[in-house]
Amino acid sequence: MVTRSLVSVVDDDESVRESLPDLLREFGFAVQAFASAEQFLASDYVDRTRCLILDVAMPGMCGPDLQRELTLRRREIPIVFITAHGDETIRPRVLEQGAVECLLKPFSETALREALNAALSSC
Amino acid sequence: MESELRRVVDALPGLVWTALPNGHIDFLNQRWCEYTGLDVAEACGQGWQSAIHPEDLLEFVQRWRSTLVSCESGEIEARLQRFDGEYRWFLFRICPIADASGRVVKWCGINIDIEDRRRSEEAMPTRWWLRAPAREGHFCSIGDGIEAHVALVTPTGEIEIVNRRALEYFGATLEEQERRSIADTVHPNDLPNFIAAWRGAVETGRPYDVEGRHRRADGVYRWFHMRGSPLRDTEGRIVFWYLLHTDVDDRKQAEALLAGEKRLLEMVASGHSMSGILEALCQLVESTACGCHCSVVLVDPCGTRLEHGAGPSLPGTFIAFINGRPVNSDSGPCGMAACLNEQVIAADIPSETRWAEWCPTALAHGLQACWSTPIASTAGKVLGSFAIYYDGPRTPTTLEQSLIERFTHIASIAVERAQNDAALRRSEAFLAEAQRLSSTGSFLVDVEKHEITLSEELYRIFELDETVPLTRELIHSRFHPEEIPFAREVLERARAGDLVVVDKELRLQMPDGSIKYVHVAAHTTRDQNGRLERIGAVQDVTERRLSEEALAKVRSELAHVARVACLGALTASIGHEVNQPLSGIITNASTCLRMLAADPPNIDGARETARRTIRDGNRAADVITRLRALFSKKDVTTEPVDLNEATREVIALLRSELQRSRVILHAELADDLPPATGDRVQLQQVILNLLRNASEAMSGVDDRPRKLVIRTEREEDNRVRLTVQDAGVGLGPQGADKLFEAFYTTKSGGMGIGLFVSRSIIEGHHGRLWAAANDGPGATFSFSIPRASEGVTNTSPAPFRGLQ
C-alpha cells in the first residue's frame, strides 16, 4: 500500500474546506483541512504535512504569519498560497519568503496540479 | 200831490221807506209791505226789524245807527224775510234828506234785491273781488299783501283784475297788461307747456298746475309756479279763473344747483377724470352766478407750486401764467389762499397793492376781481384753490359766499377722491407687481353664488384670458386630472359650511399639456354680511420645484459618483467576495468531472460537488446583486427601509476588507428596530462610508484592538439611529464640523466627498448626521432619521397639511 502524501488545507472559508479536499483526494492525496492557522499549528499534522495549501487572509493569524511561524519552527513545509484578493503585491512577497506558489482564486485544476507537483518535487 | 207821490212811490220796483232823523221808520211803500207781508202799522217804528234775518240783525242795527250818526248816505246788506218766510239778500241804500241849514230832517232808503248776485259771489272763495269800488280798494289791499301774483281771468282769457305785485313785476298798468299777449310774459320755451295746461284746464274745468318763467320788467326771466282754479256760479258754470303765480325762482335755482352738485358727485363716484369734474364744476358755478369766470388750481405733490386744474372760460394765456406759480403770499390770490389756508378776496384789482406781478397780468386779461378760496382735504391739508373772477370790481355777497363754500367742498371731494384713486391705483399696481415678481396670484370665491374673482397674476398662472367669463369648469380645466377630486371635495365641504383650510401643493395642467406646480393656501371665511367666501393665494412654484428636482438629481449623481469612487477602493474586497465562490465553483466542477471520469464513476460524489457548485454560484450571484444595487444609478425612492438588514448587507460587502484591516467588528443591531423612511441604497452608502472611515481611522492603530462597533437603536420622536464607533485617531484638532465639508480629507487617497455626501443624503432624509469624540480613543459618527409611519407603505411626506 502506497502511503499517500498528506496535503493540509488552511482556510477560514468553509466552502474551500469542503471543495478543495475532494479535488485533492481525486488527485490521490490524503487531505486534512483546518479553519485557521492556529488550529493547524495546534494539530499533530504539521510534521506529516507534505504540502500546505494556505489562505492569505484570515482572522487572527494570517497566511504569511503562519509561514513565518513555520520558518521560525524550522518546519520547511512547501507552501502553496491561495488568495481571493486580487492583490498582486502579496505574491512576490510570499514567494520571496519561500513559498512554492501563490494562486489567485479562482484558480484552475491545472494550476493547482502544477503547484502541487512543484511543491512535492521540491523536497 | 201827496197821494199822487204816494202812488208813484208805491209803484216803484223796489222797496222804499223813510225814517225820522232818529231812525224811527215812518213810511214803507206798498211793495215793501207786500214783500214782507207786514202791514205799515206793524212795520213802522222798530217793527220792521222782525223781517231782518236774525243773523244779520245785530250788524244791521249797528251800521244803521252809525249811518244815522254820520248823517251821510250808506249801504247795508242784509237778508229780508219775504211773506212766505224765505230770506233774500237786499242792499239797503240809505240817503239823508237835509234842510237848508244841513240838518237831517228825514232818511230815505231803498232795498235792492241782490240775492242772485250774492249767490254767484258765494261760489267764489274771494267774494270781495267784485265789489263796488269802495270794496275794490279793500280787495287790493289784501291782494297786494299776498306774496304772489294774483289775477282773475275770464274763461276767454281776459284779465278781470290783477294785483299790484304782478303789475309791478311786469312793469305795466292794468290796461297795458290787459293788452299784452301771453307770449309777451311767458318764456318761449315754457309757452307750449303753459298753453297746453291752460287749454286742458278750460276744457275739463279742472285746476291746472304748471311751472314756467315769467319775464320781469328788466327782461330777466324768473321761475313761477302757476296755478289756476275755476270759480263757478250756482249753476256750476265757470265764471272766472283765479290765477295764483308764486315766484319759485330761488327754489328752482337751488334745485338746479343741487342737480348740478349731484351730477358732479356722480361724476366723482363714477370715476370721471379729475380735470373733467373740475371743468364741469367751474361751468356749473359760471352758469349759476352769471358773468363770472371760475378756476381751480391744485398744489403740486411737493406742495411748492400751483398746477392748473380747470378754468373753462379763462383765457389760455392767463392759465399758462398761473400754472407753476409758487405757493406763497406774493404769488397771487390763489397762491396766497393755498399758502395761508384762508380765503383771499381781491375785490378791486385796479386798486390792489399786493402781488406786483400778478395784478398787471390779471388786469391785462380784463379781470378786476378775484376771490380765491383754499380747497382743503378732510384731514385739513390744502389741495389747491378755487377762484371766481369778475370783469369788474366786486365783493362776494352772502349768497355767493355760500356758493363758494359749497363748490369748494365739492372740489375738495373731487380732488381728494382723485388723489385717493391715484394712490389706490399705485397700491394696486404695487400689489400686481409684487404678485408678478413672487409669481403669486390671489382669488376670491363667493361660495354661494359661485362667483370667482382672480387677480391678474392668477390669470397668468392659469393661462386664462381675462375677457372670458370665469366658470368653475374653466378653472377645473386647468387642474391636473388627479387633482380635480380634491378641488371638488374642498368646494363641496366649503359649501356645506365647513371652514376648510388648505395649504397644499397642487399640479396644474395647461392646455398644451405642460405641468405647473402651485402652492395653494386658502381658507373659508364669512364676509360682513355673513356670506361664505373662500380667499386664497396661489404661488407658482414650478421653477422652484424644477430647480429642486435638478438639485436632487445633482445630489443623486454626486452620491453616485461617491459610490463609484468607493467602488474603486472596494475592488479588492469585492474581488475577494466574488473570487471566493468562483474558486469554489471551479474546484467543485473539476472534482465533479474527475469523479464522473473515474471507473466506476463516483456518482454520489459528483452529485455532491455539483450541488456545491450551484451553491457557490448563487453565492457569487448574491454578491453581484448586492453590488449592482449599491452601485447602480437609479432614481431616489422613498420606502420603508429595515436599517438592520441594510447594515448587514453592507457588513457582508466589507467583511473581507475589515478582516484584512484587522478590524474587529461588533454589530449591535436592535431587535425591535422599526423601519426607517428613505432610499435604501443611499442609506447603505452612508453606512458603508461610515464603516470604511472607521476602519481607515484605525489603520495605524497597533497598541489596542481595532474595535469597531456598529449599533442601531430606536429613538424618541419616532426616529431611528445608527451609530458607528471606532477606536481610531479621533476627530483631530479641526473638530467635527470641518469633516463634513466637501473635499476636506485627511487621507492621501480620498476625494473628501464621503462625509459631505453622507450628510447631504441624511439631510435629504429629514435626518441629522453628526460626529463626536469618544471618552477614550476614537470617534463616534451617528445619524438619526424618521421612522416610517405605522401601517403606511408609502410614506412620501405629503406637503398637504390637511383639511381642518
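Look up a bit, the structure's there.
Conventions adopted
- Residues numbered from 1 in each chain as written.
- Chains lettered and ligands numbered in written order.
- Predicted model: local features only at pLDDT ≥ 70, side-chain atom pairs only at ≥ 80, totals over all residues.
- Helix = DSSP H or I, 4+ residues; strand = E, 2+ residues; numbered from the N terminus.
- Contact = placed C-beta atoms within 7 Å.
- Pairing = 2+ DSSP bridges.
- Axes fitted to C-alpha atoms, helices over the stretch in contact; angles between N-to-C directions.
- Nonpolar A, V, L, I, M, F, W, Y, C, P; charged D, E, K, R; others polar.
- Left-handed = near helix turned anticlockwise from the far one by under 90°.
- Buried ≥ 20, exposed ≤ 12 C-beta atoms within 10 Å, placed from the backbone.
- Core = buried A, V, L, I, M, F, W, Y, C linked by C-beta atoms within 7 Å.
- Expected span 1.5 Å × (residues − 1).
- Arc of directions from axis to C-beta.

So, the overall build of chain B
Across its full length, chain B holds 25 helices and 27 strands. If you take every contact in chain B between residues at least 6 apart in sequence, the share linking residues at least 24 apart comes to 52%.

A look at the sheet that holds strand S2 (residues 30–34) of chain A
Residues and elements named next belong to chain A. Spatially, 5 strands are ordered S2-S1-S3-S4-S5 in an open sheet, and the strand pairing comes out parallel. Two strands close off the open sheet at either side, each with one partner strand: S2 and strand S5 (101–104). Neighbour to neighbour, the strand axes of the sheet diverge by 20° on average, direction disregarded. Bridging between strand S1 (residues 6–10) and S2 involves 5 bridges; their strand directions are parallel. Each residue of the ladder has a partner; that of Val9, found in S2, is Ala33. The sheet strands contacting helix H3 (residues 63–72) are S1, strand S3 (49–55) and strand S4 (79–83), and the helix crosses S3 at an angle near 150°. The sheet contacts of helix H5 (residues 109–121) involve S3, S4 and S5, and relative to S5 the element is tilted by about 165°.

A word on the interface of chain B and chain A
Chain B puts 24 residues into the contact, and the matching count from chain A is 20 residues. Looking at which element gives the most residues to the side of chain B that touches chain A, the answer is helix H20 (residues 542–597) of chain B, with 17 residues. Broken down by class, the residue content of the side of chain B that touches chain A amounts to 6 nonpolar, 14 polar and 4 charged.

Description of the packing of helix H1 (residues 14–27) of chain A against helix H21 (residues 603–631) of chain B
Close contact between H1(A) and H21(B) brings their axes to 11 Å; oriented N to C, the two are set at 145°. For the pair H1(A) and H21(B), the crossing hand works out as left-handed. Every residue of H21(B) that contacts H1(A) at A:Ser15, A:Glu18, A:Ser19 and A:Asp22 is listed here: B:Gly605, B:Thr609, B:Arg612 and B:Asp616. Here the contact of H1(A) with H21(B) is built from residues that sort into no nonpolar, 4 polar and 4 charged.

Here's the deal with the environment of B:Arg478
Residues and elements named next belong to chain B. Position of Arg478 relative to the elements: it lies in the loop between helix H18 (472–476) and helix H19 (484–495). Take Arg478: there are 17 C-beta atoms within 10 Å of it, and that puts it in the partly exposed class. Note: C-alpha distance between Arg478 and Pro511 (33 residues apart in sequence) is 7.3 Å. Apart from the residues within four sequence positions on either side, Arg478 is in contact with Phe462, Leu508, Gln509 and Met510.

Looking at the nonpolar core
All names here are of chain B. Ranked by size, the top nonpolar core spans 51 residues in total, and within it Leu278, Leu281, Cys370, Ala411 and Ala414 carry the most contacts. Leaving out residues up to four positions away in the same chain, Leu278 has contacts with Val296, Gly309, Ala310, Ala411 and Ala414. In terms of nonpolar packing, the next biggest core, distinct from the first, is built from 37 residues, Ala646, Ala676, Val757 and Phe783 among them.

What about the sheet that holds strand S6 (residues 149–153) of chain B?
Residue and element names in this part refer to chain B. One open sheet holds the 5 strands; their spatial order is S7-S6-S10-S9-S8, and the pairing between them is antiparallel. With one partner strand each, in any of the chains shown, strand S7 (159–162) and strand S8 (208–215) form the two edges of the open sheet. Averaged over all pairs of adjacent strands, the angle between strand axes in this sheet comes to 25°, irrespective of strand direction. Bridging between S6 and strand S10 (residues 238–247) involves 5 bridges; their strand directions are antiparallel. Within S10, the residue paired with Ala151 across the bridge is Leu243. Against the sheet, helix H10 (residues 191–204) contacts S8 and strand S9 (221–232), and its axis sits at roughly 145° relative to S8.

Some words on the pairing of S4(A)
All names here are of chain A. Of all the 5 residues making up S4, 5 are buried; the element is thus mostly covered by neighbouring parts of the structure. The alternating pattern of S4 places Ile79, Phe81 and Thr83 and Val80 and Ile82 on opposite faces, both of which are buried. Relative to S4, S3 is paired through 4 bridges, and the arrangement is parallel. Considered in S4, the bridge of Asp55 is made with Ile82. As paired strands, S4 and S5 are joined by 4 bridges and run parallel to one another.

Let's talk about the environment of B:Ala197
All names here are of chain B. As for its placement among the helices and strands, Ala197 is situated in helix H10. Assessed through the 19 C-beta atoms surrounding it within 10 Å, Ala197 is described here as partly exposed. Between the C-alpha atom of Ala197 and that of Tyr208, which follows or precedes it by 11 residues, the distance is 6.1 Å. Excluding residues within four positions of it along the chain, Ala197 makes contact with Tyr208 and Val210.

A closer look at helix H11 (residues 249–269) of chain B
Spacing of three or four residues puts side chains on the same side of an α-helix, whose turn is 3.6 residues. All names here are of chain B. The terminal C-alpha atoms of H11 lie 29 Å apart, and with 21 residues this matches the ideal 30 Å at 1.5 Å per residue to within 8%. Regarding H11, the residues found buried are Leu264, Met267 and Val268. On an axial view of H11, the arc spanned by its buried residues comes to 105°, and they lie on one face. Relative to its buried face, H11 has exposed residues pointing more than 90 degrees away, namely Glu255, Leu258, Ala259, Lys262, Glu266 and Ala269. Packed against the buried residues of H11 are helix H12 (274–288) and helix H16 (398–438). At the C-terminal side of H11, Gly271 shows a positive phi close to 75°.

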